[in-house]
Amino acid sequence: MLPTERIAYSPIANRPPLKLPNGARMAMWVIVNVEEWDIKQTMPRTVLTPPAGGSPMPDIPNWAWHEYGNRVGFWRMLKVFDELKIPGVLAINGSALAAYPPIAEAALQRGWEFMGHGFTQRNMQKVENEREDIRNTADVIAAVTGKRPRGWLGPGLTETWETPDLLKEEGYDYVADWVLDDQPVWLKTKTTPIVNVPYTQECNDVAMMLIQHHRASEYYDRAIDQFEQIYDDAAESARVMALVVHPYIMGAPHRLKYFRRTLETIRKKPNVAFMTGEQILDWYLSIGPKAP
Amino acid sequence: MTDPMIPRDRCDFSAIVDRPRLKLPNGARIIIWTIVNLEVWDIAKPMARQVIPAPTGIPLLPDVPNWSWHEYGMRVGVWRFFDLFRKLDIAPTLSINARVCEDYPRVAQQAKDAGWEFMGHAYEQGPIHKEPDQRAMIDRSMKVIEKFTGKRPTGWLGPGLTQTLETPEYLAEAGVKYIGDWVYDDEPTTIRTAKGPLVTLPYTVELNDIPMMMVQHHGSDHFAKRAIDSFDQLYQESERRPKILSLAIHPYISGQPFRIKYLRELYDYLNKFDGVVHWNGEQIYDWYTSNVPGPGATS
């Protein structure tokens, strides 16, 4: 199905207002992406290009750069979530559950939500059997948490034409790849519709640090600018803001403080509900428009 | 030979919070490890990095402008480093292409006289994947440095941190004790090779003037800014477990007149704190191996 067949255009200004419980005007959800990079593949991203270019394999420096996030960076971030009492959402590669059990355990102990994030960190268009990948990811998450994940984020937000259909058929209730609105929306699938919860490409450390090459403080500046505008926009009808981090990027010692400051600043604002993707979904299911 | 080990076979995953704490002597909290990279860029090959892309984007050989850019580092920039570190009384680790000892003996001699540690860094600059005979190249590099300094290097850093899956075996075989290529932790770790253990030291790809200046295109002051942000975080964490802050610099980048002052400011900042020590790679290796239960232990 073409995207336009899944969702009709709708201007946000014309919709009936959505209200969050307890006087909250907006919802915040914070997503930590945990990935496993296969040393036998080209690394998904690089911090250091090899001398004279190309992409030699194995790529130890960039593999190690990512591995640092899971050995050290994640634990630094965890303290921020703990101290500020913010519920985390773990978007995790299926293969990462077996590779990094202490991370899954730490998230489980804290009641974080687990979201499927591809079985491996590669473009969904390059996955041999997409349905199996989606199903296996849910299986391994269920094996660790005792519960099948309700949410899905494609690796690098990638999808094929069929992804939403397959997700729904495999029991997922929401997807976050469609960064096209500040409120949840319904997407049609071959079977019943699936919800998309607003994620973010720009308030995302991959975009800010690795693609746009900003200095670490940009994370704070942009997140607060984003927050203030959405907070303002949300006066009449609730809006959702997502904040995205990767342990190998914002978990680096020179960047962590900007992540902490961002959450400290937002934490102090009244009427901001920190939620998980699942909680945003359930709220939308209970008070939003019915499925088309 | 059986299949080479992949990184996971060499070292089990270990979360930093699950490990026993290391201890530093004499109340030290954080080690600053400074690494100066000296390279040889062969004019017959494509240059390792480019400050100025070729007109129309197609690189042609010889690449005189980019060769000259690097050469400036050896002629001028590195002397700013020697001056700075003499004033600071710091002897950094030299990550040195062995061919520097042959092509730039004046520079290598200065470092030797100043008591800098020589860490192996390939024979010349280029990805190790393209070496026709890696084992021979490693051996040659070690020999050339040993001949020049009278001491076989303890450490090794791949050119651009590159390795193939077989590299750790070749390095262990050549007598290397620690490597800087595995920037995956804040602490040293021990990895397995078929030729005995190797220690990894936390080198840095992020507090490194190549990514910051040449890949990410930040302003000159960003090196100090990012390093200070890192230091502040690590210093706070060092209350609980010792930390290592590595700084990697290249004379053709940080030795430029418009960048050197930020390096000076950075060290002035770091030296204001109690418990800050400046060690070279070998000192870190000696401390680590005398504190962990024997080489061969996994991370």
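All values reported here derive from a predicted model rather than from experimental measurement.

S.K.: Looking at this structure, how should I read the overall build of chain A?
M.R.: In terms of regular secondary structure, chain A is built from 10 helices and 9 strands. Viewed in the frame of its principal axes, chain A has a C-alpha envelope of about 55 × 45 × 40 Å. Residues classed as buried in chain A amount to 52% of the 292 residues present. Expressed as a percentage of contacts within chain A between residues at least 6 apart in sequence, the contacts between residues at least 24 apart total 72%.

S.K.: Which parts of the structure should I look at to understand the overall build of chain B?
M.R.: Scanning chain B from N- to C-terminus turns up 10 helices and 9 strands. Taken over the C-alpha trace, chain B has a radius of gyration of 19 Å; the compact-globule value for 299 residues is 19 Å, and the two agree within 12%. Dimensions along the principal axes, computed over C-alpha positions, put chain B at roughly 55 × 50 × 40 Å. The buried share among the 299 residues of chain B stands at 47%. Pairs at least 24 apart in sequence give 72% of the contacts found in chain B among residues at least 6 apart.

S.K.: In this structure, what is going on with the pairing of strand β1 (residues 26–34) of chain A? I would like to understand it.
M.R.: In summary, the side chains of a regular strand alternate between the two faces of the sheet. Residues and elements named next belong to chain A. Most of β1 sits out of view: 9 of its 9 residues are buried. Alternating residues of β1 divide into M26, M28, V30, V32 and V34 and A27, W29, I31 and N33, and every residue in both groups is buried. Sheet topology note: the β1/strand β9 (residues 272–274) ladder contains 3 bridges and is parallel. Residue pairing across strands places M28 opposite F274, the latter belonging to β9.

S.K.: Is there a simple way to explain the interface of chain B and chain A in this structure?
M.R.: Each side of the interface is counted separately: chain B has 42 residues, and chain A has 31 residues. Secondary structure elements with two or more residues in the side of chain B that touches chain A: α7 (209–215) and α8 (222–237) of chain B. Among the elements that make up the side of chain B that touches chain A, the one with the highest residue count is α8 of chain B (7 residues). Residue composition of the side of chain B that touches chain A, by class: 20 nonpolar, 14 polar and 8 charged.

S.K.: Where do I start with the pairing of strand β2 (residues 93–96) of chain B in this structure?
M.R.: Residue and element names in this part refer to chain B. Across the two faces of β2 the burial is the same, with T93 and S95 and L94 and I96 all buried. Where β2 lies against strand β3 (residues 117–120), 4 bridges are found, and the strand directions are parallel. The partner of L94 across the bridge, within β3, is F118.

S.K.: What should I look at first to understand helix α4 (residues 105–113) of chain B in this one?
M.R.: In an α-helix, one full turn covers 3.6 residues, which means residues spaced three or four apart are oriented alike. Residue and element names in this part refer to chain B. Three or more residues of α4 are buried, namely V107, A108 and A111. End-on view of α4: buried residues confined to an arc of 95°, all on one side of the axis. Of the exposed residues in α4, the ones pointing more than 90 degrees away from its buried face are P105, R106 and D113. Next to the buried residues of α4 lie β1 (30–38), α2 (64–88), β2, α3 (99–103) and α5 (134–149). Positive backbone phi, approximately 80°, marks G115, located one or two places after α4.

S.K.: Please explain unusual backbone geometry as it appears in this structure.
M.R.: What you tend to see is this: most non-glycine residues have negative phi, and most peptide bonds are trans. The omega angle of the peptide bond from M57 of chain A to P58 of chain A is 0°, so this bond is cis rather than trans. When you line up the elements, P58 of chain A lands in the loop between β1 and α2 (60–84). Its identity is not glycine, yet K85 of chain A carries a phi of approximately 50°, on the positive side. Of note, K85 of chain A is situated in the loop between α2 and β2 (88–92). Given 9 C-beta atoms within 10 Å, K85 of chain A falls into the exposed group. For A122 of chain B, which is not glycine, the phi torsion reads 70° and is therefore positive. Mapped onto the fold, A122 of chain B is located in the loop between β3 and α5.

S.K.: Can you help me understand the packing of helix α8 (residues 217–233) of chain A against helix α9 (residues 253–267) of chain A in this one?
M.R.: Helix packing for two helices is described by the angle between their axes and how far apart those axes are. All names here are of chain A. Interaxial distance between α8 and α9 falls to 7 Å at its minimum, and their mutual angle equals 20°. Looking at the two axes, α8 sits roughly parallel to α9. Helix-helix and strand crossings are classified by hand; for α8 and α9 the assignment is right-handed. Here S217, Y219, Y220, A223, I224 and F227 of α8 lie close against α9, whose contacting residues are R255, Y258, F259, R261, T262, T265 and I266. The residue inventory of the contact of α8 with α9, partitioned by class, reads 8 nonpolar, 3 polar and 2 charged.

S.K.: Even after reading the chapter, I still don't get the packing of α8 of chain B against helix α9 (residues 260–270) of chain B, so can you show me in this structure?
M.R.: Residues and elements named next belong to chain B. One way to put it is that α8 packs onto α9 with a least axis distance of 9 Å and a crossing angle of 20°. Taken together, the axes of α8 and α9 are roughly parallel relative to one another. Remark: the crossing between α8 and α9 carries right-handed chirality. Between α8 and α9, the contacting residues are F223, A224, A227, I228 and F231 on the first element and Y262, L263, E265, L266, Y269 and L270 on the second. Its residues assigned to classes, the contact of α8 with α9 shows 10 nonpolar, no polar and 1 charged.

S.K.: Teacher, can you tell me more about helix α4 (residues 101–109) of chain A here?
M.R.: All names here are of chain A. Inspection of α4 places I103, A104, A106 and A107 among the buried residues, and these make up the whole buried set. Projected onto a plane normal to the axis of α4, the buried residues spread over an arc of 160° and lie on a single side. Each element contacted by the buried residues of α4 is listed here: β1, α2, β2, α3 (94–99), β3 (113–116) and α5 (130–145).

S.K.: Looking at this model, I keep getting lost on the environment of D229 of chain B. Mind explaining?
M.R.: For D229 of chain B, the position within the fold is in helix α8. Given 21 C-beta atoms within a 10 Å radius, D229 of chain B is considered buried.

S.K.: Even after reading the chapter, I still don't get the environment of T160 of chain A, so can you show me in this structure?
M.R.: Residues and elements named next belong to chain A. Tracing the sequence through the fold places T160 in the loop between β4 (151–152) and α6 (163–169). The exposure class of T160 is partly exposed, given the 15 C-beta atoms found within 10 Å. It is 8.7 Å that separates the C-alpha atoms of T160 and E130, two residues lying 30 residues apart in sequence. Residues within four places of T160 in sequence aside, it is in contact with M124, Q125 and E130.

S.K.: I would appreciate a short explanation of the confidence of the model for chain B in the present structure.
M.R.: Residues shown with low pLDDT carry predicted positions that ought not to be read at fine detail. Per-residue confidence for chain B averages 94 on the pLDDT scale, and 97% of its residues sit at or above 70. This complex was scored by the predictor with a pTM of 0.88 and an ipTM of 0.79.

S.K.: Would you mind going over the environment of A174 of chain B with me for this structure?
M.R.: As for its position among the elements, A174 of chain B is in the loop between α6 (167–173) and β5 (178–179). Between the C-alpha atom of A174 of chain B and that of D139 of chain B, which follows or precedes it by 35 residues, the distance is 6.0 Å.

Here is what the cut-offs are and how they apply
- Residues numbered from 1 in each chain as written.
- Chains lettered and ligands numbered in written order.
- Predicted model: local features only at pLDDT ≥ 70, side-chain atom pairs only at ≥ 80, totals over all residues.
- Helix = DSSP H or I, 4+ residues; strand = E, 2+ residues; numbered from the N terminus.
- Buried ≥ 20, exposed ≤ 12 C-beta atoms within 10 Å, placed from the backbone.
- Contact = placed C-beta atoms within 7 Å.
- Rg over C-alpha atoms; globule rule 2.2 N^0.38 Å.
- Pairing = 2+ DSSP bridges.
- Nonpolar A, V, L, I, M, F, W, Y, C, P; charged D, E, K, R; others polar.
- Arc of directions from axis to C-beta.
- Axes fitted to C-alpha atoms, helices over the stretch in contact; angles between N-to-C directions.
- Parallel < 35°, antiparallel > 145°, perpendicular 65-115°, else oblique.
- Left-handed = near helix turned anticlockwise from the far one by under 90°.
- pLDDT = per-residue confidence, 0-100.

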